[in-house]
Amino acid sequence: GEVWLDWLVAHRDEFALHGDGLFATRAPPPSPTSPVVLLLYGVGGTRDDHYMKHLARRCESRGWRAVAFSDWRLDWNEWRDLARAVEAIRASNPAAPIFCVAHSASAFLLVQYLAAAGEATPLVAAVTLAGCMDFLRTADFVAKTKN
């Protein structure tokens, strides 16, 4: 399969807007060394969710480039798609530090990736927000309690 990466901040003088041009800006294009922040949304989310837009705007205000990994398979232990996304970002941005911020179920996915990649990951930092560390146990609890 292919890795789907949606750049959340488009610079008109650098490349054409993707899709609806979520955030069109007249700012100069970022430097090749500008940090890249990979944003991962939770189950049922999209790159258009409020928290994703907010984080993308905060990144842009600091000169960082935000990208969303816009692919979700309901296989909670399958971290290799995320690894491919990180590799694709590294290949196209060899001089930029890469960060990752993951929400909810994506936080679980990020932890699985980091456990497998170890020190070989090109990520310089990773943040998990509202993630459960035993996702299958949590899913079972939710199913039993109807929350």
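Residues numbered from 1 in each chain as written. Predicted model: local features only at pLDDT ≥ 70, side-chain atom pairs only at ≥ 80, totals over all residues. Heavy atoms only, no water.

(A) Focus on the overall build of the protein. Per the secondary structure count, the protein includes 4 helices and 7 strands. Traced from its N-terminal end to its C-terminal end, the protein shows the element sequence β-β-β-β-α-β-α-β-α-β-α. Each of the 147 residues in the protein was classed as buried or not, and the buried ones make up 37%. For the protein, the proportion of contacts with a sequence separation of at least 24, taken over those separated by at least 6, is 70%. Surface summary for the protein: the accessible area is close to 8200 Å², and the carbon and sulfur share equals 55%. (Helix = DSSP H or I, 4+ residues; strand = E, 2+ residues; numbered from the N terminus. Buried < 20%, exposed > 50% of the residue type's maximum accessible area, 1.4 Å probe, protein only. Contact = heavy atoms within 4.5 Å. Areas by Shrake-Rupley, 256 points an atom, 1.4 Å probe, with all protein chains shown as cover.)

(B) Fine view of the pattern of salt bridges. Scanning the model with the defined rule gives 1 salt bridge in all. The residue Arg80 makes a salt bridge to Glu78 at a minimum N-O spacing of 2.7 Å. Arg80 sits in the exposed class, given a relative accessible area of 52%. Of the residues examined, Glu78 reaches a relative accessible area of 12% and is grouped as buried. (Salt bridge = Lys/Arg side-chain N within 4 Å of Asp/Glu carboxyl O.)

(C) A look at helix α3 (residues 105-117). For α3, which comprises 13 residues, the first-to-last C-alpha distance of 19 Å matches the rise-based estimate of 18 Å (1.5 Å per residue) to within 8%. Within the sequence span of α3, burial applies to Ala105, Ser106, Ala107, Phe108, Leu109, Leu110 and Tyr113. (Expected span 1.5 Å × (residues − 1).)

(D) Region of the structure containing helix α1 (residues 50-61). The end-to-end C-alpha distance of α1 is 17 Å, a good match for the 16 Å that 12 residues give at a rise of 1.5 Å each. Those residues of α1 not exposed but buried are Met52, Ala56 and Cys59. Buried residues along α1 cover an arc of 60° about the axis, so they all sit on one side. Note on α1: the residue one or two positions beyond its end, Gly63, has a positive phi of about 85°. (Arc of directions from axis to C-beta.)

(E) How the structure looks around the packing of helix α2 (residues 80-92) against α3. Close contact between α2 and α3 brings their axes to 9 Å; oriented N to C, the two are set at 75°. Looking at the two axes, α2 sits roughly perpendicular to α3. Between α2, through Leu82, Ala83 and Val86, and α3, the contact on the second element is made entirely by Leu109, Leu110 and Tyr113. Of the residues that constitute the contact of α2 with α3, the class distribution is 6 nonpolar, no polar and no charged. (Axes fitted to C-alpha atoms, helices over the stretch in contact; angles between N-to-C directions. Parallel < 35°, antiparallel > 145°, perpendicular 65-115°, else oblique. Nonpolar A, V, L, I, M, F, W, Y, C, P; charged D, E, K, R; others polar.)

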